[in-house]
Amino acid sequence: MRLDTILRIVAKIFIPFILMFGLYVQLHGDFGPGGGFQAGVIVAAGIILYGIIYGINAAQRAVPPGLVEAMMPLGVAIFAGVGIAGFFTGRNYLDYSNLMHGDMVHGQHWGVFLVEIGVLVTVSSTMLAIFYAFAGRGRE
Amino acid sequence: MSVEHHAFHVTEHLPALAAVVPLVGAVLAALVRNGTIAWLVSLAVGLALPVISILMLWEVQASGPISYALGGWAPPVGIEFRVDLANAYLAILVSVMAGVVLAGSPRSIDDEVNPENRAWYYAAFLLCLCGLMGMIVTGDAFNVFVFMEVSSLATYILIAMGRDRRALVAAYQYLIIGTVGATFYVIGVGLLLAMTGTLNLVDLAQRLPQIEATRPLFTAVAFIIVGLGLKLALFPMHLWLPNAYAYAPSSASAFVASTATKVAVYLLLRFTFSVYGVDFVLPETPAATLFMILASVAMISGSLSAIFQTNVKRMLAYSSVSQIGYIILGIAMISETGLTGGISHMFNHALIKGALFIAVAAVIFATGAVRIDDMAGLGRTMPVTMGAFVIAGLGLIGVPGTAGFISKWYLIQGAAEQGMWWIVAVIVVSSLMAVFYIGRVVEVAWFRAPLSDAPRRAPPELVLAAVALAVAVVIFGFFTEFSAGVASDAARVLLEGYAR
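The name an unreviewed UniProt entry gives chain B is Monovalent cation/H+ antiporter subunit D family protein, with Thermohalobaculum xanthum as the organism. Check the Sequence similarities (unreviewed entry) section of the UniProt entry for chain B; it says "Belongs to the CPA3 antiporters (TC 2.A.63) subunit D family."

Chain A has the name Na(+)/H(+) antiporter subunit B in an unreviewed UniProt entry, where Thermohalobaculum xanthum is given as its organism.

Here's what the structure looks like:
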């Protein structure tokens, strides 16, 4: 598909918007439908589209497999780390109330925000890892 | 609002730590991507978790059930981690088995798993452990499902890492059946939620008796029993188990065989007794009769299949099917003695099967033999490993002086109390069949000439793990304060149910 001009141009125009929409779904998840999981899938879909149109090598140059494999546990680490922060602020696991020095509303807000970042990181990288695994089959 | 300094008290967060410690360990193992460091991280988790579990049991014994509000949201709205005697007992079992297997396994894993996959292996192992501990400590029906998926997905990965190509098919088989099981479970939970509006197990137990329409309720009971039945490999839902145990890496077999099915049994206990309650659903459904029949068939047919296996790991796997029958039998009696037998058999069988599978792991490391015929003369060339195998085998048969005898004795007593002499006969016959299949290995290993020259030396930590468990099998045959004592307390707690 590397030779199809229309697909290449359209993809090139679309991909930044797809990634931006992913961030919108991520960050607007506070106020409306959305959140880390959906945003992660959208972001990964943007990169997968790039891989389909421009070839898996181009996609892997943009997002190297090593980075993807590090991002998968990293997202869980962010999530679990925010939970553990609850322990050290005198609360239970995943209780964000004291994260911002006792300001409960702010604490909850930041807690969920950070946890959702963790979800974004893990979900997007896992989707990509699955894509790389399938697209890379038979090439070794 | 002032800035305060908060100290972190471990004892206040024990139930959360039981699931969080292995989760963090899994993340670290996956981040470092180095087999040796990942093993060290796993070992640290494997040593920390038994301490956490024992502290939990102490706290429960001292001051009653622990309720932990995850995220600070109070139950029944928030997710509650709830630990009483029954799950504290099981947490100790699972964490100790994980510790022993992890301590013994590094060189066996180096031998059987590709170098680039070793760190992933430990990450999957710890995720499996996290899921199992989570299923044990949680008091929320849907949270059980989440942790069930965590542990199951990790188990599929562990199985698929076996060096035999058939491991992939075995993992796929288990994936399909395991997913069906989990789906059935969640359908049942969904029906319960629709009927009661709650997912908290204690709350569920209190609301269930007020429900007028019982048909959706019985449907939910059926879905949950079948779903958990698939997970715990109750006959005839056990077909995934032999291949999964046979082709997984040896130390993964040892861990999964001694813990995963036990946790599913625990959930069955939790739902049958704590949530449904002895005097509500059980008398109105044929569940107990059904359990009794299936358990008896499992005990006989599992042992029979074990006798005819040529692969020693498959033989042990079929033996597990029959041993699960014993545990379910104890549940089906719905009496304190029967339940004590069933619960203590979970513990005793975990020790026994762990010892047997680790001994086999040592044999596979030393000789590569998985066929019973290839184990000829190993009694002479690997006396310590095979000695541990024989002692654990005696425990499996139920010889007096071993842990297996204690739990079978409770089961026979329980059957006798209710005058069910045919159950006693089934227990005795199934035990005699264990003499055959264990005896075959003993005959080949001790009474035949060795096939080749001296085998490779098995790693001492692996042999030591097998010996430690074999010694535990003997110790718990004499000192039953923990294995049967706490089990009978747990049986009493379960029979009381949540509702009262």
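Undergrad: Give me the overall build of chain B: which residues, what numbers.
TA: Each helix and strand in chain B was counted, giving 20 helices and 2 strands. The C-alpha atoms of chain B give 22 Å as radius of gyration, which agrees with the globular expectation for 500 residues (23 Å, within 12%). Dimensions of chain B, computed from C-alpha atoms along their principal axes, come out at roughly 70 × 65 × 40 Å. Considering only residue pairs separated by 6 or more positions, chain B has 81% of its internal contacts joining residues 24 or more positions apart.

Undergrad: I'd like a description of the overall build of chain A, backed by residues and values.
TA: A count of helical and extended segments in chain A gives 5 helices and 0 strands. Going from the N terminus to the C terminus, chain A shows its helices and strands as α-α-α-α-α. Seen along its three principal axes, the alpha-carbon backbone of chain A occupies a region of about 60 × 35 × 20 Å. For chain A, with 140 residues in total, the buried portion stands at 40%. Partitioning the contacts of chain A with sequence separation of at least 6, the portion at a separation of at least 24 is 61%.

Undergrad: Kindly report on the nonpolar core, identifying the contributing residues and their values.
TA: By size, the foremost hydrophobic cluster in this structure holds 250 residues, and its most contacted members are Ile159(B), Ala355(B), Ala392(B) and Ala466(B). Not counting the four nearest positions on each side in its chain, Ala392(B) is found in contact with Ile352(B), Ala355(B), Leu356(B), Ala359(B), Leu469(B), Ala470(B) and Val473(B).

Undergrad: Give a description of helix α14 (residues 336-367) of chain B that names residues and reports values.
TA: All names here are of chain B. The first and last C-alpha atoms of α14 sit 46 Å apart over 32 residues, in line with the 46 Å expected at 1.5 Å per residue. In α14, a bend of some 25 degrees at His-345 exceeds every other bend along the element. In terms of burial, α14 is a largely internal element, 31 of the 32 residues being buried. Looking one or two residues past α14, Gly-368 carries a phi angle of roughly 80 degrees, positive in sign.

Undergrad: Go over the interface of chain A and chain B, please, and point to the residues and values.
TA: Chain A puts 22 residues into the contact, and the matching count from chain B is 19 residues. Grouping the amino acids of the side of chain A that touches chain B by side-chain chemistry returns 12 nonpolar, 7 polar and 3 charged.

Undergrad: An account of the UniProt feature "domain: Na+/H+ antiporter MnhB subunit-related protein" (unreviewed entry) in chain A is requested, with residue identities and associated values reported.
TA: According to UniProt, the positions carrying the feature "domain: Na+/H+ antiporter MnhB subunit-related protein" (unreviewed entry) are residues 6-128 of chain A. Annotated as residues 6-128 of chain A, this span is 80% helix and 0% strand, and its ends, taken at the C-alpha atoms, are 25 Å apart.

Undergrad: Residues and numbers for helix α12 (residues 287-307) of chain B, please.
TA: Residues and elements named next belong to chain B. Its 21 residues give α12 an end-to-end C-alpha distance of 30 Å, which sits within 8% of 30 Å, the value for a rise of 1.5 Å per residue. Restricting attention to buried positions, one finds in α12 the residues Ala-287, Phe-291, Met-292, Leu-294, Ala-295, Ser-296, Ala-298, Met-299, Gly-302, Ser-303, Ser-305 and Ala-306. Check the buried side of α12 and you find it contacts α9 (215-232), α13 (312-332) and α18 (421-447).

Undergrad: Please give an account of the UniProt feature "transmembrane region" (unreviewed entry) in chain A that cites residues and values.
TA: All names here are of chain A. Look at the UniProt record and you will see "transmembrane region" (unreviewed entry) annotated at residues 9-27, 39-59, 71-90 and 110-135. Strand forms 0% of residues 9-27 and helix 100%; the C-alpha atoms that close the span are 28 Å apart. Helix makes up 95% of residues 39-59 and strand 0%, with an end-to-end C-alpha separation of 19 Å.

Undergrad: An account of unusual backbone geometry is requested, with residue identities and associated values reported.
TA: Cis geometry is found at the peptide bond from Pro75(B) to Pro76(B), where omega equals 5 degrees. Within the fold, Pro76(B) resides in the loop between β1 (66-69) and β2 (80-83). The residue after Phe235(B), namely Pro236(B), is reached through a cis peptide bond having omega 0 degrees. As for its placement among the helices and strands, Pro236(B) is situated in the loop between α9 and α10 (240-247). The phi dihedral of Leu94(A) is positive, around 65 degrees, even though this residue is not glycine. Within the fold, Leu94(A) resides in the loop between α4 (65-88) and α5 (104-135). A positive phi is found at Arg33(B), a non-glycine position, where the angle reads about 60 degrees. Turning to its location among the elements, Arg33(B) is positioned in the loop between α1 (14-32) and α2 (35-63).

Undergrad: Break down the packing of helix α2 (residues 36-54) of chain A against α5(A) for me, with residues and values.
TA: Geometrically, a packed helix pair is captured by the angle between its two axes and the distance between the axes. Residues and elements named next belong to chain A. Interaxial distance between α2 and α5 falls to 7 Å at its minimum, and their mutual angle equals 35 degrees. The way α2 lies across α5 gives a crossing that is right-handed. On α5, the residues that touch Gly-36, Phe-37, Ala-39, Gly-40, Val-41, Val-43, Ala-44, Ile-47, Ile-48 and Gly-51 of α2 are Glu-116, Ile-117, Val-119, Leu-120, Val-123, Ser-124, Met-127, Leu-128, Phe-131 and Ala-135. Along the lines of polarity and charge, the residues of the contact of α2 with α5 split into 15 nonpolar, 4 polar and 1 charged.

Undergrad: So, the environment of Ile117(A): which residues are in play, and what are the values?
TA: Residue and element names in this part refer to chain A. As for its position among the elements, Ile-117 is in helix α5. Note: C-alpha distance between Ile-117 and Phe-79 (38 residues apart in sequence) is 8.0 Å. Each residue touching Ile-117, except ones within four places of it in the same chain, is listed here: Gly-36 and Ile-78.

Undergrad: Before we move on, can you summarise the pairing of β1(B) with the specific residues and values?
TA: Residue and element names in this part refer to chain B. The alternating pattern of β1 places Ile-66 and Tyr-68 on a buried face, while none of Ser-67 and Ala-69, on the opposite face, is buried. Direction of pairing for β1 relative to β2: antiparallel, over a ladder of 4 bridges. Within β2, the position partnered with Ser-67 by the bridge is Arg-82.

Undergrad: Which residues make up the packing of α1(B) against helix α5 (residues 118-137) of chain B, and what values go with them?
TA: Residue and element names in this part refer to chain B. At a minimum axis separation of 8 Å, α1 and α5 run at an interaxial angle of 165 degrees. In terms of orientation, α1 lies roughly antiparallel with respect to α5. The two elements α1 and α5 meet at a crossing, and its hand is left-handed. Across from Pro-15, Ala-18, Ala-19, Pro-22, Leu-23, Gly-25, Ala-26, Ala-29, Ala-30 and Val-32 in α1, the residues of α5 making contact are Ala-119, Trp-120, Tyr-122, Ala-123, Leu-126, Leu-127, Leu-129, Cys-130, Met-133, Gly-134 and Val-137. Residues that form the contact of α1 with α5 fall into these classes: 19 nonpolar, 2 polar and no charged.

Undergrad: Describe the environment of Ile15(A), and please don't skip the residues or the numbers.
TA: Residues and elements named next belong to chain A. With respect to the helices and strands, the residue Ile-15 is situated in helix α1 (residues 5-28). For the pair Ile-15 and Leu-49, spaced 34 residues apart in sequence, the C-alpha separation works out to 7.7 Å. Here Ile-15 is in contact with Gly-46, Leu-49 and Tyr-50, once residues within four sequence places are set aside.

Reading the values: rules and limits
- Residues numbered from 1 in each chain as written.
- Chains lettered and ligands numbered in written order.
- Predicted model: local features only at pLDDT ≥ 70, side-chain atom pairs only at ≥ 80, totals over all residues.
- UniProt positions renumbered as here; feature names shortened; annotations may be inferred.
- Helix = DSSP H or I, 4+ residues; strand = E, 2+ residues; numbered from the N terminus.
- Rg over C-alpha atoms; globule rule 2.2 N^0.38 Å.
- Contact = placed C-beta atoms within 7 Å.
- Buried ≥ 20, exposed ≤ 12 C-beta atoms within 10 Å, placed from the backbone.
- Core = buried A, V, L, I, M, F, W, Y, C linked by C-beta atoms within 7 Å.
- Expected span 1.5 Å × (residues − 1).
- Bend = angle between axes of the 7 residues up to and from the residue.
- Nonpolar A, V, L, I, M, F, W, Y, C, P; charged D, E, K, R; others polar.
- Axes fitted to C-alpha atoms, helices over the stretch in contact; angles between N-to-C directions.
- Left-handed = near helix turned anticlockwise from the far one by under 90°.
- Pairing = 2+ DSSP bridges.
- Parallel < 35°, antiparallel > 145°, perpendicular 65-115°, else oblique.

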